[in-house]
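Observations on chain architecture
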Amino acid sequence: MRRSKPYLTGVLLASTFLSQFVAPRPAAAQDLVASEEIPGGSSVFVFRESRKKPQRHASGSARRRSGGAPRGVNAAVGTAAQKRRAAAIARRKGGVTSADRRVALSNTLTIKAEGFLDNNQTDLAITNYRSALAQNAKNTRAAEGLSNALTAKGIDIAGDNNNADAIPLFEEAVKLDPQNDAALAKLGAIYDAKGENDKAIDFYQRAVALNPEYVQLYPILGIAYVEKGEIGKADDALKRSETAGINDADVEFLRGLIAFKNNRNDEALAAFDKAGASDARFAEAQYYRGQIYDRQGKQTEAIAQYRGALRSDPTFAPAAFDLGVASYNAGDYNGAATAYQEAIKLDEGNAEAHANLASTYRQLERYPEANAEYKTASTGIKNADLYSEWGYCLGKTTEWDKAVARLNTAAEMSPVAIDNSNVGWAYYNAGQFQTGAKNDAAAKSDYELARNSSQLAVNQDPKFDAAYLNLGASHNALGEFQLAVNTLNAVLGLHSNWIIAMNQLGYGYRGLGDFKNAIAIYKRAVDLDARNTFGLFNLGEAYFSSGNKKEAKKINDKLRQIDPHLSVALDNVYAGKAVLENATRKVTDKIPRPKFPF
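For clarity, every value in this text was computed on a predicted model and none was experimentally measured. (Residues numbered from 1 in each chain as written. Predicted model: local features only at pLDDT ≥ 70, side-chain atom pairs only at ≥ 80, totals over all residues. Heavy atoms only, no water.)

Moving on, we come to the overall build of the chain. A count of helices and strands for the chain gives 28 helices and four strands. For the chain, the proportion of its 598 residues judged to be buried stands at 55%. Of all intrachain contacts in the chain linking residues separated by at least 6 positions in sequence, the fraction that spans at least 24 positions is 61%. Roughly 25000 Å² of accessible area belongs to the chain as shown, and the carbon and sulfur atoms make up 50% of that amount. (Helix = DSSP H or I, 4+ residues; strand = E, 2+ residues; numbered from the N terminus. Buried < 20%, exposed > 50% of the residue type's maximum accessible area, 1.4 Å probe, protein only. Contact = heavy atoms within 4.5 Å. Areas by Shrake-Rupley, 256 points an atom, 1.4 Å probe, with all protein chains shown as cover.)

In this section: helix 28 (residues 564-574). Of all the positions in helix 28, only Leu566, Ser567, Ala569, Leu570, Asn572, Val573 and Tyr574 are classed as buried. Looking at the buried positions of helix 28, the neighbouring elements they touch are helix 26 (533-546) and helix 27 (549-562).

Glancing now at the pattern of salt bridges. Applying the stated criterion to the full structure yields 29 salt bridges. Between arginine 289 and aspartate 273 there is a salt bridge; the shortest N-O distance is 2.5 Å. With arginine 289 in helix 12 (residues 282-295) and aspartate 273 in helix 11 (residues 265-276), this pair connects stretches of sequence that are 16 residues apart. Residue aspartate 273 is classed as partly exposed on the basis of its relative accessible area of 45%. For arginine 510, the salt bridge identified is with glutamate 541, shortest N-O distance 3.1 Å. Here arginine 510 is found in helix 24 (residues 499-512), whereas its partner glutamate 541 is found in helix 26, with 31 residues between them in sequence. Each of Asp198, Lys228, Glu230 and Lys233 takes part in one network of salt bridges that share partners. (Salt bridge = Lys/Arg side-chain N within 4 Å of Asp/Glu carboxyl O.)

With that settled, consider unusual backbone geometry. In this structure, threonine 398 takes a positive phi of about 55° despite not being glycine. Position of threonine 398 relative to the elements: it lies in the loop between helix 18 (384-396) and helix 19 (400-413). Here lysine 438, not a glycine, exhibits a phi torsion of approximately 60°, which is positive. By secondary structure assignment, the location of lysine 438 is in the loop between helix 20 (417-436) and helix 21 (440-460). Since its relative accessible area comes to 55%, lysine 438 is described here as exposed.

Averaged over all residues, the pLDDT of the chain is 85; the fraction at 70 or higher stands at 84%. Per-element confidence in the chain ranges from a low mean pLDDT of 37 for strand 1 (residues 16-19) to a high of 98 for helix 17 (residues 367-377). Taken together, the stretch residues 1-40 has pLDDT below 50 and engages in 181 contacts with residues farther than four places along the chain or on a different chain. (pLDDT = per-residue confidence, 0-100.)

Counting 125 residues, the largest nonpolar core has Tyr129, Tyr204, Tyr214, Leu217, Phe272 and Leu386 as its most contacted members. Discounting residues that sit within four places of it in the chain, tyrosine 129 has contacts with Thr110, Ala113, Glu114, Leu117, Ala142, Gly145, Leu146 and Ala149. Within the second largest apolar cluster, 45 residues are counted, among which are Phe464, Leu469, Leu505 and Val526. (Core = buried A, V, L, I, M, F, W, Y, C linked by side-chain atoms within 4.5 Å.)

Glancing now at the packing of helix 14 (residues 317-329) against helix 16 (residues 351-363). Running from amino to carboxyl end, helix 14 crosses helix 16 at an angle of 30°, the nearest separation of the two axes being 11 Å. Relative to helix 16, helix 14 is oriented roughly parallel. For the pair helix 14 and helix 16, the sense of crossing is left-handed. Residue-level contacts link Phe321, Val325 and Tyr328 of helix 14 to Glu352, Ala353, Asn356, Ser359, Thr360, Arg362 and Gln363 of helix 16. When grouped by side-chain class, the residues that make up the contact of helix 14 with helix 16 number four nonpolar, four polar and two charged. (Axes fitted to C-alpha atoms, helices over the stretch in contact; angles between N-to-C directions. Parallel < 35°, antiparallel > 145°, perpendicular 65-115°, else oblique. Left-handed = near helix turned anticlockwise from the far one by under 90°. Nonpolar A, V, L, I, M, F, W, Y, C, P; charged D, E, K, R; others polar.)

Put simply, helix 21 and helix 22 (residues 465-477) touch, their axes get as near as 8 Å, and they point 150° apart. When the axis of helix 21 is compared with that of helix 22, the two are roughly antiparallel. Viewed along their axes, helix 21 and helix 22 form a crossing whose handedness is left-handed. Touching Tyr447, Ala450, Arg451, Ser454, Gln455, Ala457 and Val458 of helix 21 are Ala467, Tyr468, Asn470, Leu471, Ser474, His475 and Ala477, all from helix 22. For the contact of helix 21 with helix 22, the per-class residue count stands at eight nonpolar, five polar and one charged.

What follows covers the side chain of serine 378. As for its placement among the helices and strands, serine 378 is situated in the loop between helix 17 and helix 18. Judged by relative accessible area, which is 8%, serine 378 ranks as buried. If we skip the residues at most four places from it in the chain, serine 378 touches Leu386, Tyr387 and Trp390.

Quick look at the packing of aromatic side chains now. For the coordinates displayed, the defined rule picks out 20 aromatic pairs. With centroids separated by 5.3 Å and ring planes inclined at 70°, the aromatic side chains of phenylalanine 260 and tyrosine 288 adopt a geometry described as edge-to-face. You can see phenylalanine 260 sitting in helix 10 (residues 249-261) and its partner tyrosine 288 sitting in helix 12, a full 28 residues away along the chain. A relative accessible area of 6% means that phenylalanine 260 is categorised as buried. (Phe/Tyr/Trp six-rings, centres within 6.5 Å; stacked < 30°, edge-to-face > 60°.)

Let's shift gears to the environment of aspartate 313. Summarising the element assignment, aspartate 313 is placed in the loop between helix 13 (299-312) and helix 14. As for aspartate 313 and glutamate 284, which are separated by 29 residues in sequence, their C-alpha atoms are 9.1 Å apart. Among the polar contacts made by the side chain of aspartate 313, one reaches the side chain of threonine 315 at a distance of 2.6 Å. (Polar contact = N/O pair within 3.5 Å; in protein donor to acceptor, adjacent residues only side chain to side chain.)

Taking 1.5 Å as the rise per residue, helix 18 with 13 residues should run 18 Å; its terminal C-alpha atoms sit 18 Å apart, in good agreement. Helix 18 sits mainly inside the fold: 11 of its 13 residues count as buried. Along helix 18, the residues classified as buried are Ala384, Leu386, Tyr387, Ser388, Glu389, Trp390, Gly391, Tyr392, Cys393, Leu394 and Gly395. Between the side-chain oxygen at the start of helix 18 and the backbone nitrogen of aspartate 385 there is a gap of 3.3 Å, and the oxygen is on asparagine 383. The first or second residue beyond helix 18 is threonine 398, which carries a positive phi of 55°. (Expected span 1.5 Å × (residues − 1).)

This brings us to the environment of alanine 142. Looking at where alanine 142 falls in the secondary structure, it is placed in helix 4 (residues 140-158). Judged by relative accessible area, alanine 142 falls into the buried class, the value being 0%. When the C-alpha atoms of alanine 142 and arginine 130 are compared, they prove to be 7.9 Å apart, with 12 residues separating the residues in sequence. Sequence-distant contacts of alanine 142, defined by excluding residues within four places in its chain, comprise Thr110, Tyr129, Ala132 and Leu133.

Written out as structure tokens, the structure reads:
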């Protein structure tokens, strides 16, 4: 690398982390968090949106699945199945004789099977019905009987929780008898409990079309319509429920969902209160009350509702997820982490929960854990926001090669100025890491790549301050001090009071040996912020190197009052000791970001 003075050799410049809204140009009034090292320089990372961007709640409707969602269906199915069997018994005409030996045997086996089914010996009935059909595939009485027997066995296996192991039994029952409304309704209930909404709706609709007595299915079908986003059909199902005289928790829950989707908050709260009076809908009602309170900005009330839903049903994953969202948005990152961890236990494949937990760990500065969660989330989420945040956190664990790779992925997905500027940030810091390890050739390569990415960002958005700063930092690192000075003066032409840019500009002037301008710009930074420790350090060093030891001592006296450790480092510089090599002392200052004049 080209360096004009030994003073600059091996000095590590740390990174500055800047958050702002994603846009073609930088947005105003974000917090700038500066981390600078002796002698003070910086690069900047820009979050694609706010550094504390609020997280979003789960989209769509959410219901408990572990409880076998539509409990009302189970009773209706049981009643329908009994009616089908009673009707089949009433149609019996006793034995049927036939000259065909196989047909006669089939008829005999059918009668035998019916006796077993009448005595609830379902397995024996199924065996004999199958034998009857094996003798005569056209035996419709045996086919209907086997359909009923399979339905009976399926109901036992499915139980109240709608065990999916019963699906093959019901599917065969429907194949044998397409008019078997009980099997169709139970298939709808099982798929509803599994969360396979389209299949649930299809089977429910077919059951209702065959049997108008399935009035209990109207609210359940309406809830399924809401989950699919078909609010008009859901409203029609609600009206059918009311016409049929149904007045239970499912109807009130459906009423609340429709009002919720139409932003009729008071009506929704009232309906969910009524639904919540039933144990069958208590957790879900509390969950949606939490969503409404969140919508109204009542975070404390929302969090209480989500917690209540989880107390009622600890397996209700959506409540755990949205408790995480509400806690994160309230700034309770520890609470958010706990909630997301629980949501992941309940729903391991929820990529959004992993991504939100990663962001939560980022806020808690638990960067290794954040990186692990981003990696898991990336199997299901492929967007620039995730890879950009992941790259930032990898930088915080000094895994610069990986940080570069993730930020390059973000830039490939979203080739805008922000993402290319962040690639420049990563390459710049990778170069700093190589500089500290005395790998000058590798450092130079990284700085060149940082310069190229930053220049691309500047070309994309000529008023993007972060890109200019990263470009100026890259020029400085490459010893291209005049280019750095030109670039950083351009930044300050737009934002005259940007202290970080001033420190980097002073670094450029110092590289040129221009002590007059270096002193002037460092003094300007210190005048703006008298507690700017690195500005004081740099100003003192510049005075000393210019030969003005008296002013240098005054500056160090001021520095000693603010940061005695850094003052000792400056004393050592005055004494001629090589303490700047690989300096790693960091100080973090929060500086209000200037408002932009465009």
